[in-house]
Structures are given as C-alpha cells and as structure tokens.
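The residues making up each chain are set out below.
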Number of protein chains: 2
Amino acid sequence: MIALESLTPVSFAPFGDVVDTGATAPREVNQGFARRFDGVANVDVLTQGGFVNVGLFTANPRPNPIAIKLMERHPLGSQMFYPLQDQQWIVVVCADPRDTGSYRGFKATGRQGVNYARNVWHHPLLVLKNDSRFIVVDREGPGQNLEEVSLEKPLTLGAL
Amino acid sequence: MIALESLTPVSFAPFGDVVDTGATAPREVNQGFARRFDGVANVDVLTQGGFVNVGLFTANPRPNPIAIKLMERHPLGSQMFYPLQDQQWIVVVCADPRDTGSYRGFKATGRQGVNYARNVWHHPLLVLKNDSRFIVVDREGPGQNLEEVSLEKPLTLGAL
C-alpha cells in the first residue's frame, strides 16, 4: 500500500521539480497586465543529440482501486507533465522499482505539474477523470530513452 | 482595424506553430490509457548559449476595445503560449510593425496555443478574462532577446 502525500517541492525534491507558482517570485510583464513565474522546470533533454519535444496528452483513469504494476524511466531526458483542466491527479515514483519500501505517492492539484528528472522511476500518467488533458515537455531524438519494469506483485494506492 | 480570423495551422504558418491536436496523429501510450500528440511546437532556443525556460503566466484583459500600441519580438528564441483554462484568447502578429497592412489578428480557442517563431513580431498576451493562466516555453540565457516597437497611431481590434 502506497500512502498518498501532498506534493511539495521538498517532498518531491529527490525525483524532480514541482511545476507551480509556489517556489518562484513572479515578475510583472506586459505593461502590467501579466505576471510570469519563470524557471519552473529544469528541462534536461540535450544529451546524445536530443531535443525538446512538446506534446499534448489525453488520458483516462485506470480501474479503481489503482494497481501499480509497472514503472518506467527515461535515461536520456527529463519529462514534464502539466494539467490543462485544474483537476487533481496522482504521481507515483520510486527509488528502485524492486524495493517496495521506496515507493512514494503524491496528490497533485490541478495547478501542479511535475518534471521527472532524468532516470527517475515513475508510473505512467494517473488521472481521475476521463479525457484529462496534459501538456508535456520531454525529449525527442536518437537513443533508447525508455526503460520499463513490471512488478511481480502489484502495489495498491492508498485513499485520496 | 485588425479583423479577427480563426487560428489555423495554414493561416498562422508565416508566424509559427499552432499548438493543438489537429495537425498530428496521436500515438496510444500508457497501456492504452492515454494518447499523445507529439511535436506540437518547434522549440528553437539554443542559439548563443540559450536554454529552455518553462514559465507560468497569469494575465488580465486590457481595456475594451483593445488598442494595439506596441509590438515585440524575440531575436534569439521561439516563444510558446498554451492556455490552462480552455478559454478563448487573442493573437496579434505582423510582418512589420510599421506596416499597418501587415497585421493579422486571430481568435484562438482555449485548446489552441501558439509558438511564435524566432523574430516574429507579436503583441503581448491578450486574454479576455481575469486571472487567465498560461504555460510558456521560451528561451533563457545570455544576449538581448527582446525588441519592442511602439506604434505612433494605435490600431484597434475587430469584433470577436
């Protein structure tokens, strides 16, 4: 059972960035009609001839209760997800997919994205509503950028 | 008077990319629980030691009717805006800020972003509701990446 915690920059620090407006001071721009919060994700995709990919995702929920059966990581690049509908979603990461005690689960708000650092094990996108849309910033380019591990015994997620 | 047209990849092609799911075929991922549309923006930020910046914007509307008084461009990098609330917004670009006839205005849906190509003249973010949130992918790094031109005579936008 993976308990779900709040997603904060401190709790998520071993795995990457929380993409939100909490950690940065805004700058007033556009003649006073906008504020911008910059540098909210450390995009790390250039290794081995990589380049930035921007993608749009549409995702559906897994059956409830959610079973964690497979983890993945990207050895060549960071991967950022940001929600487009202000709806809560779930982030599951671990230090080692074969070490049950290393799993962490986070409740992300609809105004929080995450940027998985390179090589960080994470579960594929977990959403709570149909047709949940996300914008993604990750890596395109040569090389094998996906590793997957299937768990012998699925783990379950704690209550929201 | 700048008439407002629909935003399509063809109409916007001289200025950059329309960031939406219309032009790309999706790929099924995440064990069938998601579809991804990749390569929706050509991120061009690496010149002269530049790197990718991801930012979050919060913008407010200008007084109505909107007066176009200033245009800007970024000689060192592309700049992408994608809306986070599924609300219509407005894009104004031109080939030459001093050539009134070169201005184009576009109605973007709340599921369309734009990625201004490097050096493309554009108006700062134009939104229709308070606290309109956007995610931005642009350039950070050394060098002067902003040029602005003030118009002697403001232009007005046509009806939505």
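Refer to the structure printed above.
Please read these numbers as outputs of a predicted model, since none were measured by experiment.

1. Overview of the interface of chain A and chain B
Then step 1. Chain A puts 45 residues into the contact, and the matching count from chain B is 45 residues.
Then step 2. Considering only the surface of chain A that becomes buried against chain B, Phe33, Val54 and Leu56 of chain A emerge as the three largest contributors, covering 19% of it.
Then step 3. Counting the contacts that link chain A with chain B gives three salt bridges.
Then step 4. A salt bridge links Arg36 of chain A to Asp138 of chain B; its shortest N-O distance comes to 3.0 Å.
Then step 5. At the level of secondary structure, the elements contributing two or more residues to the side of chain A that touches chain B comprise β4 (34–37), β5 (51–59), β7 (79–83) and β13 (132–140) of chain A.
Then step 6. Among the elements that line the side of chain A that touches chain B, the one with the most residues is β5 of chain A, at eight residues.
Then step 7. Grouping the amino acids of the side of chain A that touches chain B by side-chain chemistry returns 26 nonpolar, nine polar and ten charged.
Then step 8. In this sheet, strand β4 (residues 34–37) of chain B lies alongside β5 of chain A in antiparallel orientation, the contact comprising four bridges.

2. Describing the pairing of β5 of chain A
All names here are of chain A.
Then step 1. Burial analysis of β5 places eight of its nine residues in the buried class, the great majority of the element.
Then step 2. Where β5 and β13 come together, nine bridges link them in antiparallel fashion. If you follow Phe57 over to β13, its bridge partner there is Phe134.

3. Description of unusual backbone geometry
Then step 1. Geometrically, the link from Asn64 of chain A to Pro65 of chain A is a cis peptide bond, its omega value of 0° lying close to zero.
Then step 2. By the element assignment, Pro65 of chain A lies in the loop between β5 and β6 (67–73).
Then step 3. Positive phi values are uncommon outside glycine, yet Asp131 of chain A reaches one of about 55°.
Then step 4. Mapped onto the elements of the fold, Asp131 of chain A is located in the loop between β12 (126–127) and β13.
Then step 5. Phi is positive for Asn30 of chain B, which is not a glycine, with a value near 55°.
Then step 6. Locating Asn30 of chain B in the fold gives a position in the loop between β3 (27–29) and β4.
Then step 7. Note on Asn30 of chain B: relative accessible area 12%, which makes it buried.

4. A short note on the pattern of salt bridges
Residues and elements named next belong to chain B.
Then step 1. Tallying each qualifying case throughout the model produces 15 salt bridges over all chains.
Then step 2. Arg73 is paired through a salt bridge with Glu147; the nearest N and O atoms lie 3.1 Å apart. Here Arg73, found in strand β6 (residues 67–73), pairs with Glu147, found in strand β14 (residues 147–156); they are 74 residues apart in sequence, far enough to count as distant.
Then step 3. Residue Glu147 is classed as partly exposed on the basis of its relative accessible area of 28%.

5. Notes on the relation of the copies chain A and chain B
Then step 1. Rotating chain A by 180° and translating it 0.0 Å along the rotation axis places it on chain B, where the RMSD comes to 0.0 Å. What the rotation and shift describe, once combined, is the action of a two-fold rotation axis. Judged by C-alpha distance, Leu84 of chain A is the residue of chain A that lies nearest the rotation axis, at 2.5 Å.
Then step 2. A high fraction, 100%, of the interface residues of chain A reappear at the interface in chain B, so the copies pair face to face through one surface.

6. Here's the deal with the environment of Glu152 of chain A
Then step 1. Here Glu152 of chain A is to be found in strand β14 (residues 147–156).
Then step 2. Sequence spacing of Glu152 of chain A and Lys69 of chain A is 83 residues, and the spatial spacing of their C-alpha atoms is 7.7 Å.

7. Description of the side chain of Asp138 of chain A
Then step 1. Relative to the assigned elements, Asp138 of chain A resides in strand β13.
Then step 2. A relative accessible area of 6% means that Asp138 of chain A is categorised as buried.
Then step 3. Separated by 3.1 Å, the side chains of Asp138 of chain A and Gln79 of chain A make a polar contact.
Then step 4. With residues up to four places along the chain from it excluded, the contact list for Asp138 of chain A reads Val45, Phe51, Val52, Asn53, Ser78 and Gln79 of chain A together with Arg36 of chain B.

8. Details of the environment of Gly110 of chain B
Then step 1. Its place among the elements puts Gly110 of chain B in the loop between β9 (103–108) and β10 (113–116).
Then step 2. Separated by eleven residues in sequence, Gly110 of chain B and Trp121 of chain B place their C-alpha atoms 22 Å apart.

Parameters and conventions
Residues numbered from 1 in each chain as written. Chains lettered and ligands numbered in written order. Predicted model: local features only at pLDDT ≥ 70, side-chain atom pairs only at ≥ 80, totals over all residues. Heavy atoms only, no water. Contact = heavy atoms within 4.5 Å. Buried area = accessible area lost by both parts, 1.4 Å probe. Salt bridge = Lys/Arg side-chain N within 4 Å of Asp/Glu carboxyl O. Helix = DSSP H or I, 4+ residues; strand = E, 2+ residues; numbered from the N terminus. Nonpolar A, V, L, I, M, F, W, Y, C, P; charged D, E, K, R; others polar. Pairing = 2+ DSSP bridges. Buried < 20%, exposed > 50% of the residue type's maximum accessible area, 1.4 Å probe, protein only. Least-squares fit on C-alpha atoms with pLDDT ≥ 70 in both. Polar contact = N/O pair within 3.5 Å; in protein donor to acceptor, adjacent residues only side chain to side chain.

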